[in-house]
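Given next are the chains, with one letter for each unit.
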Amino acid sequence: MALPATLSEFTARWDKFRESLGFEDITFTLRLSPHAVTEDSMSFSMPLCDELAQANGMFAAASLFGAADIAGTFLAMNAYADAGQFPLAVQSNVNFMSNSKSGPAVATARILRGGASVVVAEVQVADAEAKVLVHTTFTYVLKERRLGK
(Lines give C-alpha, C1' and ligand atoms only; values in the text may rest on other atoms or scores of the structure.)
Protein backbone atom coordinates (compact mmCIF):
# COMPACT_ATOMS: atom_id res chain seq x y z
CA MET A 1 0.00 0.00 0.00
CA ALA A 2 1.25 3.47 -0.82
CA LEU A 3 0.83 6.66 1.15
CA PRO A 4 -2.47 8.43 0.63
CA ALA A 5 -2.34 11.11 -2.04
CA THR A 6 -4.62 13.63 -0.33
CA LEU A 7 -5.61 14.68 3.16
CA SER A 8 -9.14 13.39 2.57
CA GLU A 9 -7.77 9.96 1.60
CA PHE A 10 -5.50 10.02 4.66
CA THR A 11 -8.50 10.87 6.86
CA ALA A 12 -10.58 8.07 5.31
CA ARG A 13 -7.81 5.50 5.96
CA TRP A 14 -7.39 6.76 9.53
CA ASP A 15 -11.12 6.52 10.19
CA LYS A 16 -11.28 3.02 8.69
CA PHE A 17 -8.31 1.88 10.82
CA ARG A 18 -9.86 3.18 14.04
CA GLU A 19 -13.27 1.68 13.20
CA SER A 20 -11.63 -1.72 12.56
CA LEU A 21 -10.31 -1.86 16.14
CA GLY A 22 -13.71 -2.23 17.73
CA PHE A 23 -12.70 -0.17 20.79
CA GLU A 24 -11.26 3.25 21.59
CA ASP A 25 -7.48 2.89 21.87
CA ILE A 26 -4.69 5.37 22.61
CA THR A 27 -5.34 7.22 19.34
CA PHE A 28 -8.67 8.36 20.82
CA THR A 29 -7.07 9.28 24.16
CA LEU A 30 -4.48 11.45 22.40
CA ARG A 31 -7.19 12.97 20.18
CA LEU A 32 -5.02 12.52 17.11
CA SER A 33 -6.36 13.65 13.77
CA PRO A 34 -4.82 13.68 10.29
CA HIS A 35 -3.13 17.01 9.65
CA ALA A 36 -1.22 16.74 6.36
CA VAL A 37 0.23 14.28 3.88
CA THR A 38 2.94 14.62 1.23
CA GLU A 39 4.52 12.11 -1.12
CA ASP A 40 6.91 11.03 1.67
CA SER A 41 5.34 12.08 5.00
CA MET A 42 2.22 11.96 7.13
CA SER A 43 1.37 14.38 9.94
CA PHE A 44 -1.05 14.13 12.84
CA SER A 45 -2.35 16.96 14.99
CA MET A 46 -2.80 16.64 18.77
CA PRO A 47 -4.53 19.36 20.79
CA LEU A 48 -3.13 20.83 23.97
CA CYS A 49 -5.78 20.03 26.57
CA ASP A 50 -5.78 19.28 30.29
CA GLU A 51 -5.73 15.50 29.78
CA LEU A 52 -2.57 15.69 27.63
CA ALA A 53 -0.71 18.34 29.62
CA GLN A 54 1.68 18.43 32.55
CA ALA A 55 0.67 20.27 35.74
CA ASN A 56 2.35 23.42 34.32
CA GLY A 57 0.09 23.47 31.26
CA MET A 58 2.68 22.27 28.73
CA PHE A 59 2.45 19.01 26.77
CA ALA A 60 3.12 15.89 28.85
CA ALA A 61 6.16 13.95 27.63
CA ALA A 62 4.06 10.79 27.40
CA SER A 63 1.57 12.45 25.06
CA LEU A 64 4.35 13.77 22.81
CA PHE A 65 5.99 10.34 22.67
CA GLY A 66 2.63 8.69 21.97
CA ALA A 67 1.88 11.05 19.10
CA ALA A 68 5.33 10.38 17.62
CA ASP A 69 4.98 6.59 17.89
CA ILE A 70 1.51 6.51 16.37
CA ALA A 71 2.56 8.79 13.50
CA GLY A 72 5.51 6.50 12.73
CA THR A 73 3.41 3.36 13.10
CA PHE A 74 0.65 4.56 10.81
CA LEU A 75 3.17 5.73 8.23
CA ALA A 76 4.89 2.32 8.27
CA MET A 77 1.50 0.60 7.98
CA ASN A 78 0.64 2.60 4.89
CA ALA A 79 4.04 2.53 3.23
CA TYR A 80 5.21 -1.04 3.83
CA ALA A 81 2.84 -3.37 5.66
CA ASP A 82 1.00 -5.93 3.57
CA ALA A 83 -2.50 -7.07 4.46
CA GLY A 84 -2.48 -8.59 7.93
CA GLN A 85 0.85 -7.05 8.97
CA PHE A 86 1.30 -4.50 11.73
CA PRO A 87 4.46 -2.50 12.59
CA LEU A 88 5.66 -3.37 16.09
CA ALA A 89 8.15 -0.92 17.61
CA VAL A 90 11.32 -2.74 18.66
CA GLN A 91 13.55 0.30 19.21
CA SER A 92 13.08 4.01 19.75
CA ASN A 93 15.35 6.97 20.29
CA VAL A 94 13.67 10.03 21.75
CA ASN A 95 15.08 13.51 22.23
CA PHE A 96 12.85 15.98 24.03
CA MET A 97 14.11 19.28 22.65
CA SER A 98 11.71 21.76 24.23
CA ASN A 99 8.13 22.13 25.42
CA SER A 100 5.33 24.55 24.79
CA LYS A 101 1.92 25.90 25.73
CA SER A 102 1.22 26.58 22.05
CA GLY A 103 -1.02 23.86 20.66
CA PRO A 104 -1.73 21.90 18.73
CA ALA A 105 1.34 19.71 18.43
CA VAL A 106 1.98 18.27 14.97
CA ALA A 107 3.80 14.93 14.63
CA THR A 108 5.32 14.50 11.17
CA ALA A 109 6.69 11.07 10.20
CA ARG A 110 9.06 10.18 7.34
CA ILE A 111 10.56 6.84 6.36
CA LEU A 112 14.33 6.69 6.65
CA ARG A 113 14.58 3.08 5.48
CA GLY A 114 12.04 0.41 4.71
CA GLY A 115 11.85 -3.13 3.48
CA ALA A 116 9.91 -6.36 3.64
CA SER A 117 10.27 -6.85 7.39
CA VAL A 118 11.83 -3.75 8.99
CA VAL A 119 10.96 -0.05 8.74
CA VAL A 120 12.87 2.86 10.28
CA ALA A 121 10.91 6.09 10.69
CA GLU A 122 11.91 9.56 11.82
CA VAL A 123 9.25 11.63 13.57
CA GLN A 124 9.44 15.26 14.56
CA VAL A 125 6.82 16.84 16.83
CA ALA A 126 6.45 20.62 16.70
CA ASP A 127 4.14 23.12 18.36
CA ALA A 128 1.75 25.52 16.64
CA GLU A 129 4.62 27.91 15.94
CA ALA A 130 6.78 25.16 14.36
CA LYS A 131 9.13 24.98 17.38
CA VAL A 132 10.54 21.44 17.52
CA LEU A 133 9.52 19.75 20.75
CA VAL A 134 10.59 16.15 20.08
CA HIS A 135 12.83 14.36 17.59
CA THR A 136 12.52 10.56 17.43
CA THR A 137 13.48 7.56 15.40
CA PHE A 138 11.64 4.26 15.57
CA THR A 139 12.51 0.82 14.25
CA TYR A 140 9.45 -1.28 13.48
CA VAL A 141 9.27 -4.98 12.64
CA LEU A 142 6.39 -5.93 10.35
CA LYS A 143 4.54 -8.87 11.93
CA GLU A 144 1.36 -10.73 11.17
CA ARG A 145 -1.18 -9.33 13.61
CA ARG A 146 -4.95 -9.13 13.74
CA LEU A 147 -6.25 -5.70 14.74
CA GLY A 148 -8.69 -5.29 17.60
CA LYS A 149 -9.24 -7.18 20.83
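In this report, we go over the structure that sits alongside the text. Keep in mind that this is a model prediction, so the values were computed, not measured.

**Structural notes on the sheet that holds strand β4 (residues 105-114)**
Taken in spatial order, the six strands make up an open sheet running β1-β2-β4-β5-β6-β3, and their pairing is antiparallel. Both outer strands of the open sheet, β1 (33-37) and β3 (85-96), are each paired with one neighbouring strand and no more. In this sheet, adjacent strand axes meet at a mean angle of 25° when their direction is disregarded. Relative to strand β5 (residues 118-126), β4 runs antiparallel, the two being bridged by eight bridges. If you follow A107 over to β5, its bridge partner there is V125. Sheet strands in contact with helix α1 (residues 7-21) are β1, β2 (41-46) and β3, and its direction is about 145° off that of β1.

**Some remarks on the layout of surface pockets**
Approximately 230 Å³ is the volume attributed to the second largest pocket. Lining of the second largest pocket is provided by 18 residues; of these, F17, D25, I70, T73 and F86 occupy positions nearest its centre. At the level of secondary structure, the elements contributing two or more residues to the lining of the second largest pocket comprise α1, α2 (26-29), α3 (61-79) and β3. Examining the composition of the lining of the second largest pocket, we find that five residues originate from one element, α3, more than from any other.

**Re α1**
Spanning 15 residues, α1 covers 22 Å between terminal C-alpha atoms, matching the ideal 21 Å at 1.5 Å per step. Buried residues of α1: F10, R13, W14, F17, R18 and L21, and no others. Projected down its long axis, α1 carries its buried residues within an arc of 130°, all on one side. Exposed positions of α1 whose direction lies more than 90 degrees from the buried face are S8, K16 and E19. Where α1 is buried, its residues meet α2, β1, β2, α3 and β3. G22 lies just past α1 and shows a positive phi near 85°.

Parameters and conventions
Counting restarts for each chain, with residues numbered from 1 along the sequence as it is written. Local features in this predicted model are restricted to residues of pLDDT 70 or higher, and side-chain atom pairs are both shown and tallied only at a pLDDT of 80 or more, whereas totals for entire chains, interfaces and linings draw on every residue. Hydrogens and waters are ignored; side-chain quantities use all the structure's heavy atoms. One bridge is not enough; two strands pair if DSSP finds at least two bridges between them. Here a helix means four or more residues in a row that DSSP labels H or I, a strand means two or more in a row labelled E, and each is numbered from the N terminus. Helix axes are fitted to C-alpha atoms over the stretch in contact, other axes to C-alpha atoms as well, and angles between N-to-C directions run from 0 to 180 degrees. Residues count as neighbours in contact if any of their non-hydrogen atoms are within 4.5 Å of one another. A 1.4 Å probe that fits but cannot get out identifies a cavity on a 1 Å grid over protein atoms alone, an open set with protein on both sides within 12 Å along at least five of seven lines counts as a pocket, and a residue lines either if it has an atom within 4 Å of a point. Grid points are joined across faces, edges and corners, and a volume is the space filled by probe spheres set on the points. Every helix has an expected span of 1.5 Å times one less than the residues it contains. Here the term buried applies to any residue with accessible area under 20% of the maximum for its type, exposed to any over 50%, and partly exposed to those in between, with areas from a 1.4 Å probe on protein chains only. In this context, the arc is that of the directions from the helix axis out to the C-beta atoms.

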